[in-house]
Amino acid sequence: MEPDLHELLRSLRVWDTELPDFDPGRAPADPLELFAHWLAQAAAAGQTEPHTMALATSDEDGLPDVRTVMLHGADEHGWAFATHATSRKGRQLAARPHAALGFYWPAQGRQVRVRGPVGVASAEESLRDLHARSTGALAAALVGRQSEVLPSLTDLERASDAAWRQAERSPDAPAPTWTLYRLRPEEVEFFQGDARRRHVRLVYRRTTGGWARELLWP
């Protein structure tokens, strides 16, 4: 017998571990420095796939959408991720070039939220990014047709097998619609959970003179 959903939800617990301290008064002036520090700590704490994130976009009608993708890099130019320009998220970003990112590391009770406009990297840079990934990533990109209706799993198997053979035979094969995107953050929030629910929230907001910082009520 399947458990009652509401009973199951009430039985679940969060942060069943000792949580780290976070003193926002000692946070660096640049949010990227703090993010890199937290990411390294999440990885050291055993957090599974700490470089994955939720990517939120909206379509031309303003309806929201979200999915999990991988962070490909972050520097002064922005926070990078990649997808097919013809995919649902690619089309949404073309219509509304703004997005939000969300990282959640339950191993340490931490979240990071990022918002800002999204730009498109050049075709050459997108190709370099793709070829820096694994053979499997290249094969998936070569399959293409992301977000299109799939007639059957057999069709996927055939296309995937052919793409794997091509990726192994030609590791520099192009995938024309594969695109690298960069989100230039206007706001970055760091959330440190607390067992007594005295969560610490520190938000960075971009200004003409640099980053302004302030605390938020949990």
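(A) Expanded view of the pattern of salt bridges. Across all of its chains, the model carries ten salt bridges by this definition. Notably, a salt bridge pairs D129 with R133, separated by 3.0 Å at the nearest N-O pair. Relative accessible area serves as the criterion here: at 29%, R133 is assigned to the partly exposed category. A salt bridge links R205 to E187, with the shortest nitrogen-to-oxygen separation between them at 3.2 Å. Of this pair, R205 sits in strand 9 (residues 200–207) while E187 sits in strand 8 (residues 187–192), and the two are 18 residues apart along the sequence. By relative accessible area, R205 is classed as partly exposed at 29%. The buried category is assigned to E187, whose relative accessible area is 17%. One salt-bridge network, held together by shared partners, links R115, E187, R205 and E214.

(B) How the structure looks around the side chain of Q108. Among the secondary structure elements, Q108 is positioned in the loop between strand 5 (98–105) and strand 6 (110–120). A relative accessible area of 11% places Q108 in the buried class. Excluding residues that lie within four positions of it along the chain, Q108 makes contacts with L19, P20, W38, Q41, A42, A45 and Q192.

(C) Highlighting the nonpolar core. L34, F35, F81, L101, F103, V112 and F190 are the most contacted members of the largest nonpolar core, which totals 26 residues. Discounting chain neighbours no more than four positions away, the residues touching V112 are F35, W38, L101, G102, F103, W105, V188, E189 and F190. Among the nonpolar cores identified, the runner-up in size contains 14 residues, and L138, A173, A175 and L180 belong to it.

(D) Spotlight on the packing of aromatic side chains. Per the counting criterion, the structure on display carries eleven aromatic pairs. Ring centres of W79 and F103 lie 6.3 Å apart, and the angle between their planes is 50°; on these two criteria the pair is classed as tilted. Placement of the pair is W79 in strand 4 (residues 78–84) and F103 in strand 5, with a sequence separation of 24 residues. An identical accessibility class is assigned to W79 and F103; each is buried. Here F190 and Y204 contribute two aromatic rings whose centre-to-centre distance is 5.7 Å and whose plane-to-plane angle is 70°, an arrangement assigned as edge-to-face. Of the two residues, F190 sits in strand 8 while Y204 sits in strand 9, which places them 14 residues apart along the sequence. Judged on exposure class, the residue F190 and its partner Y204 are both buried. Through successive ring pairs, a cluster of aromatic residues spans F22, W38, F190, Y204 and W211. In this arrangement the basic side chain of R110 is found over the ring face of W38, its NZ or CZ atom lying 4.1 Å from the centre.

Conventions we followed
- Residues numbered from 1 in each chain as written.
- Predicted model: local features only at pLDDT ≥ 70, side-chain atom pairs only at ≥ 80, totals over all residues.
- Heavy atoms only, no water.
- Salt bridge = Lys/Arg side-chain N within 4 Å of Asp/Glu carboxyl O.
- Buried < 20%, exposed > 50% of the residue type's maximum accessible area, 1.4 Å probe, protein only.
- Helix = DSSP H or I, 4+ residues; strand = E, 2+ residues; numbered from the N terminus.
- Contact = heavy atoms within 4.5 Å.
- Core = buried A, V, L, I, M, F, W, Y, C linked by side-chain atoms within 4.5 Å.
- Phe/Tyr/Trp six-rings, centres within 6.5 Å; stacked < 30°, edge-to-face > 60°.
- Lys NZ or Arg CZ within 6 Å of the ring centre and 35° of its normal.

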